[in-house]
Amino acid sequence: MTTPPDSDLTAMQRAVQRTWTPDSHWHIGDLAWQSPSLPDRTVKLWRGSDGEVEAWARLTAPAHLDMHAPPELLPAVLDWFHATTGEVEQTVTAMNSDAELIAALRAAGYQEAAEPFFQHCVRDLDGHLPKPVLPSGYRVRTVEPGELAARAAVHRAAWRPKWIGSLQVPPVDLGDGESGMTTERYAKIADTWPYRRDLDLVVEAPDGTLAASALGWYDDVNQSALLEPVGTDPHHARRGLGAAVSLACLHAMRDAGATLAVVCPRGDDAYPVPRTLYHRIGFRDAGRTVAYRR
Ligand SMILES: CC(C)(COP(=O)(O)OP(=O)(O)OC[C@H]1O[C@@H](n2cnc3c(N)ncnc32)[C@H](O)[C@@H]1OP(=O)(O)O)[C@@H](O)C(=O)NCCC(=O)NCCS
């Protein structure tokens, strides 16, 4: 078992790890991937008598709550959220399988909102796992030391708003901006437990540039693997790179000890491509997120 360093982030990750099941909202890797934005959020921790974090709340302005809490701490977390945000429209994301949280939200006056949602998909890693197949001239490998600028750039290429908008149904013009990923931001992520370079996979194009990427996060306590995120530079789209780099990452996580993999694409009809890709490589739908509003 790897031991994380001490910080609020790792205390939050440990809380998630201690109670993780395939139905869980959060994986330790989600919190690591999202960690660069943590300083911009209001975070509140609830500790038990042993000092361990049992519940946490993470607030996105103006009033959106992401949280992790055992049933007995749900009232305290929601009370804190309501007191902190005041008389504004408040939203909370829950998993559809989290009956206690949903009951607490309904009791507090929340109603389900018809919004885009994330569909958690799972795949066993102990059975047959197809080998990645790449077009001629491409190769898949781990990211190399000193390659963070190129690694951040291939992520940016896949997440360019114009391209994301073109994959929507119907297509949406999201403008000419850039994804917020920078080399510095990627370096922070690569410095965050439990990042492992052997689970950070890229596809190299015939000209030596990076064409696609997949980042894996392994929880060695629960032997669970999270794929987050996957991206292909649109110049190389639809050649099987997204599927191949995802499979290569799943092989690496299985080699590390993972028996189950999770990936969380959008599940609503407006952004269907990633979920289609993951279903093609053996993932099946599990729980989904639901937005609640009051
Ligand atoms: C999703 C993404 C990674 C797919 O990458 P890709 O290398 O083009 O995908 P592949 O060529 O491996 O496609 C695998 C399957 O996914 C589906 N697919 C991929 N792109 C598609 C598209 N534009 N329209 C419809 N289906 C598509 C198809 O079923 C495809 O199989 P097929 O070509 O044999 O029909 C890429 O579009 C991307 O980076 N998107 C933006 C970032 C993103 O949304 N990442 C996923 C976050 S969870």
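Residues numbered from 1 in each chain as written. Predicted model: local features only at pLDDT ≥ 70, side-chain atom pairs only at ≥ 80, totals over all residues. Heavy atoms only, no water.

For the rest of this paragraph, the subject is the UniProt feature "domain: N-acetyltransferase" (unreviewed entry) in the protein. Per the UniProt record, "domain: N-acetyltransferase" (unreviewed entry) is found at residues 138-294. Overall, residues 138-294 shows 31% helix and 27% strand. The separation of its end C-alpha atoms is 50 Å. (UniProt positions renumbered as here; feature names shortened; annotations may be inferred. Helix = DSSP H or I, 4+ residues; strand = E, 2+ residues; numbered from the N terminus.)

This paragraph deals with the domain arrangement of the protein. Parsing the protein into structural domains produces domain 1 (8-117) and domain 2 (122-287). Taken together, the contact pairs 19 residues of domain 1 with 27 residues of domain 2. Carbon and sulfur atoms make up 70% of the surface buried where domain 1 meets domain 2, a total of about 2000 Å² over both sides. The interface formed by domain 1 and domain 2 holds 0 salt bridges in total. At the junction of domain 1 and domain 2, the tally comes to 6 residue pairs in polar contact (both at pLDDT 80 or more). Of all the elements in the fold, those that place two or more residues in the side of domain 1 that touches domain 2 are helix 1 (8-18) and helix 2 (28-33). Per-element tally for the side of domain 1 that touches domain 2: the top contributor is helix 2, with 5 residues. Taken together, the residues that form the side of domain 1 that touches domain 2 break down as 10 nonpolar, 8 polar and 1 charged. (Domains from an automatic or database assignment. Contact = heavy atoms within 4.5 Å. Buried area = accessible area lost by both parts, 1.4 Å probe. Salt bridge = Lys/Arg side-chain N within 4 Å of Asp/Glu carboxyl O. Polar contact = N/O pair within 3.5 Å; in protein donor to acceptor, adjacent residues only side chain to side chain. Nonpolar A, V, L, I, M, F, W, Y, C, P; charged D, E, K, R; others polar.)

Let us now look at the side chain of H251. Its location among the elements puts H251 in helix 8 (residues 241-256). Looking at H251, the relative accessible area reads 16%, which means it is buried. Non-local contacts of H251, meaning those with residues more than four positions away in its chain, are made with L129, P130, K131 and P132. (Buried < 20%, exposed > 50% of the residue type's maximum accessible area, 1.4 Å probe, protein only.)

As a further point, take the nonpolar core. Membership of the largest hydrophobic core comes to 29 residues, with the highest contact counts inside it found for L125, L227, V245, L250, M253, Y278 and F283. Elements with a contribution of two residues or more to this core: strand 8 (200-204), strand 9 (210-219), strand 10 (224-232), helix 8 and strand 11 (260-263). Sorting elements by how many residues they give to this core places helix 8 first, with 8 residues. In this structure, M253 is in contact with L199, G216, W217, A225, L226, L227 and A258, ignoring residues within four places of it in sequence. Membership of the second largest hydrophobic core comes to 21 residues, among which are L78, F81, V92 and Y110. (Core = buried A, V, L, I, M, F, W, Y, C linked by side-chain atoms within 4.5 Å.)

Tracing the chain through its elements places E115 in the loop between strand 5 (111-113) and strand 6 (119-124). Residue E115 is classed as partly exposed on the basis of its relative accessible area of 31%. Between the C-alpha atoms of E115 and A291, which are 176 residues apart in sequence, the distance is 6.6 Å. When residues no more than four places from it in sequence are discounted, the contact partners of E115 are A291 and R293.

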